[in-house]
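Structure at a glance
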Amino acid sequence: VAMLAGPRPLAGRSVLITAGGTVERIDPVRYISNDSSGKMGFALAEAARASGADVTLICGRTDSAAPSGVKAIKVNSAVEMYEAVMERLPQTDVVIKAAAVADYRPKETADHKIKKSAETISLELIRNPDILQSIGEWKSGNKGSNGLFVVGFAAETTDVERHAVDKLNRKKCDLMIANDVSREGAGFGSDTNIVSVYDTRGLVENMPQMSKREVANRIMELIAQRLPMKGS
Ligand code: CTP
Ligand code: CA
């Protein structure tokens, strides 16, 4: 325990964080995305850096520039984010999926701007890969051989606990950070967040409303406490 208690509890660990919303192209000038600001992911990147980790940040669309001192990789679509994440897993100790990944993308992306003609048109959407689920499957396939620690987020508006625990189990996460995005002071665009944390045994803690950076610091402590010793 004493070894974990230093000011840089994640020194020597490589942490991969995804942030922001994905952009799913309809045509060269139009896309489908979501309201994610990237703030929670950026706060996590800063907190991980301050804990001594070597941080890689995979960013979709965000409202601001990535924090300094981290390796930032820009992606657009969920498919690009999937590839950027999966190829780095063998060199990663902790992965944190704060990104708001679009669940669907247009089945086809037009090469040219779509012209208006008919009164109604429809857009066919197909499911995107579930990146967090794929990470969980990769980890079980490897029998957790590199000890990858997986942290997911669950954005909910109803039955937060039930959905969060279900996602934790389904996606084989070690920690799930649930936020009720319908609450004032939580979720998309806000500078604060109100989260509940679950692990495989159940509720870990309900955090009060705090700045996203404070939430991120506490999440880093919870991760550091649960990481296997380096080299074991
Ligand atoms: N996630 C992901 N890839 C997707 C969709 C979600 O990696 N295609 C990740 C998110 O980054 C988050 C977690 O899965 O860490 C939960 O995302 P969320 O949207 O809350 O859950 P879904 O499984 O997509 O379920 P639903 O949107 O139907 O609630
Ligand atoms: Ca979703």
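The structure presented is a predicted model; accordingly, all values stated were derived computationally and were not measured. (Residues numbered from 1 in each chain as written. Chains lettered and ligands numbered in written order. Predicted model: local features only at pLDDT ≥ 70, side-chain atom pairs only at ≥ 80, totals over all residues. Heavy atoms only, no water.)

1. A word on the UniProt feature "binding site: CTP" (unreviewed entry) in the protein chain
UniProt's feature table lists "binding site: CTP" (unreviewed entry) at Asp103, Lys113, Pro129, Asp130, Ile131, Leu132, Phe153, Lys167 and Lys171, given in the numbering used throughout. Sequence-wise these annotated residues cover 69 residues; spatially they are dispersed, their C-alpha atoms as much as 37.8 Å apart. Lining the largest pocket, from this annotated set, are Asp103, Pro129, Asp130, Ile131, Leu132, Phe153, Lys167 and Lys171. Of note, Phe153 is situated in strand E9 (residues 149–156). Here Phe153 is in contact with Met40, Leu44, Ile96, Lys97, Ala98, Met176, Ile177 and Ile219, once residues within four sequence places are set aside. Within the fold, Lys167 resides in helix H4 (residues 160–170). Residues contacting Lys167, with those up to four places away along its chain left out, are Ala154, Ala155, Glu156, Lys172 and Met176. (UniProt positions renumbered as here; feature names shortened; annotations may be inferred. 1 Å grid on protein atoms, 1.4 Å probe; cavity = no way out; pocket = protein on both sides within 12 Å on 5 of 7 lines; lining within 4 Å. Helix = DSSP H or I, 4+ residues; strand = E, 2+ residues; numbered from the N terminus. Contact = heavy atoms within 4.5 Å.)

2. Describing the site of ligand 1
Near ligand 1 there are 14 residues, and of these Lys97, Leu132, Phe153, Lys167 and Lys171 occur at the shortest range. In the environment of ligand 1, an oxygen atom lies 3.2 Å from a nitrogen or oxygen atom belonging to the backbone of Ala155. The side chain of Lys171 places a nitrogen or oxygen atom 2.6 Å from an oxygen atom of ligand 1. Burial of ligand 1 by the protein chains amounts to 77% of its free accessible area of 570 Å². In this structure, ligand 1 is accommodated by the largest pocket. Residue assignment for the shell around ligand 1 shows that the elements contributing at least two residues are helix H3 (131–141) and E9. (Near = heavy atom within 4 Å. Polar contact = N/O pair within 3.5 Å; in protein donor to acceptor, adjacent residues only side chain to side chain. Areas by Shrake-Rupley, 256 points an atom, 1.4 Å probe, with all protein chains shown as cover. Sits in = over half its atoms within 2 Å of the grid points.)

3. Overview of a nonpolar patch on the surface
On the surface, a cluster of nonpolar side chains totalling about 270 Å² of accessible area is made up of Tyr104, Leu123 and Leu125. Examined against the element boundaries, Leu123 turns out to sit in the loop between strand E7 (104–106) and strand E8 (125–127). (Patch = residues over 30% accessible without salt bridge, like charges linked within 9 Å, V, L, I, M, F, W, Y side chains within 5 Å. Salt bridge = Lys/Arg side-chain N within 4 Å of Asp/Glu carboxyl O.)

4. Quick look at the environment of Ala43
Its location among the elements puts Ala43 in helix H1 (residues 39–50). Put simply, Ala43 and Arg213 are 170 residues apart on the chain and 4.9 Å apart in space, counted from C-alpha to C-alpha. Ignoring anything within four residues of it in the chain, the contact list for Ala43 reads Lys212, Arg213 and Ala216.

5. Points about the side chain of Ser134
Note on placement: Ser134 falls in helix H3. In terms of polar contacts, Ser134 uses its side chain to reach the backbone carbonyl oxygen of Asp130, at 2.8 Å. Contacts of Ser134, omitting those with residues within four sequence positions, involve Tyr82 and Met86.

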